[in-house]
Amino acid sequence: MPSMTSEIPAGSATSPTANTIGELKFEAALAELEQIIQNMEGGRLPLEESLAAYRRGSTLLKHCQQQLNDAERQIQILENGALRDLAPDGGEAR
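In short, a report on the structure. (Residues numbered from 1 in each chain as written. Predicted model: local features only at pLDDT ≥ 70, side-chain atom pairs only at ≥ 80, totals over all residues. Heavy atoms only, no water.)

### What to know about the packing of helix 2 (residues 26–41) against helix 3 (residues 47–78)
Interaxial distance between helix 2 and helix 3 falls to 9 Å at its minimum, and their mutual angle equals 150°. Overall, the two elements helix 2 and helix 3 adopt an arrangement that is roughly antiparallel. You can see that helix 2 and helix 3 cross each other, and the crossing is left-handed. Facing helix 2, whose interface residues are Phe26, Ala29, Leu30, Glu32, Leu33, Ile36 and Met40, helix 3 presents Ser50, Ala53, Tyr54, Arg56, Gly57, Leu60, Leu61, His63, Cys64, Gln67 and Leu68. (Axes fitted to C-alpha atoms, helices over the stretch in contact; angles between N-to-C directions. Helix = DSSP H or I, 4+ residues; strand = E, 2+ residues; numbered from the N terminus. Parallel < 35°, antiparallel > 145°, perpendicular 65-115°, else oblique. Left-handed = near helix turned anticlockwise from the far one by under 90°. Contact = heavy atoms within 4.5 Å.)

And the structure:
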């Protein structure tokens with residue numbers, strides 16, 4: 001059976017840097033975060049690798065949240081400062 005540690009990109013769980021995470025697109029960061037969660041939930045990582053994966057996941061989560069906040073601000077700017085709810089059919093709620 002393959003080791004779960006081989007699914008974490010080399011160096012990412014043990015030496016996360018702000019530069020590499022800061023350069024990740026939202027989708028890539030989210031995919032890596034999901035992979036880390038799967039690896040940790042599998043319970044096969046040694047303690048040190050689990051701690052490193054947790055740190056990396058925490059940083060990825062903050063990065064994703066920041067990107068979502070930035071997107072929301074851009075939408076507010078496009079809507080002249082008013083963030084409107086959307087109706088379930090895709091139209092504006094009034």
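### Structural notes on helix 2
With 16 residues, helix 2 should reach 22 Å at 1.5 Å per residue; the first-to-last C-alpha distance of 22 Å fits that figure. Burial in helix 2 covers these residues: Ala29, Glu32, Leu33, Ile36 and Asn39. Along the long axis of helix 2, the arc covered by the buried residues comes to 125°, so they all point the same way. Seen from the open side of helix 2, the exposed residues pointing more than 90 degrees away from its buried face are Glu27 and Glu41. Tucked inside the fold, the buried residues of helix 2 contact helix 3. Positioned one or two residues after helix 2, Gly43 has a phi angle of 70°, which is positive. (Expected span 1.5 Å × (residues − 1). Buried < 20%, exposed > 50% of the residue type's maximum accessible area, 1.4 Å probe, protein only. Arc of directions from axis to C-beta.)

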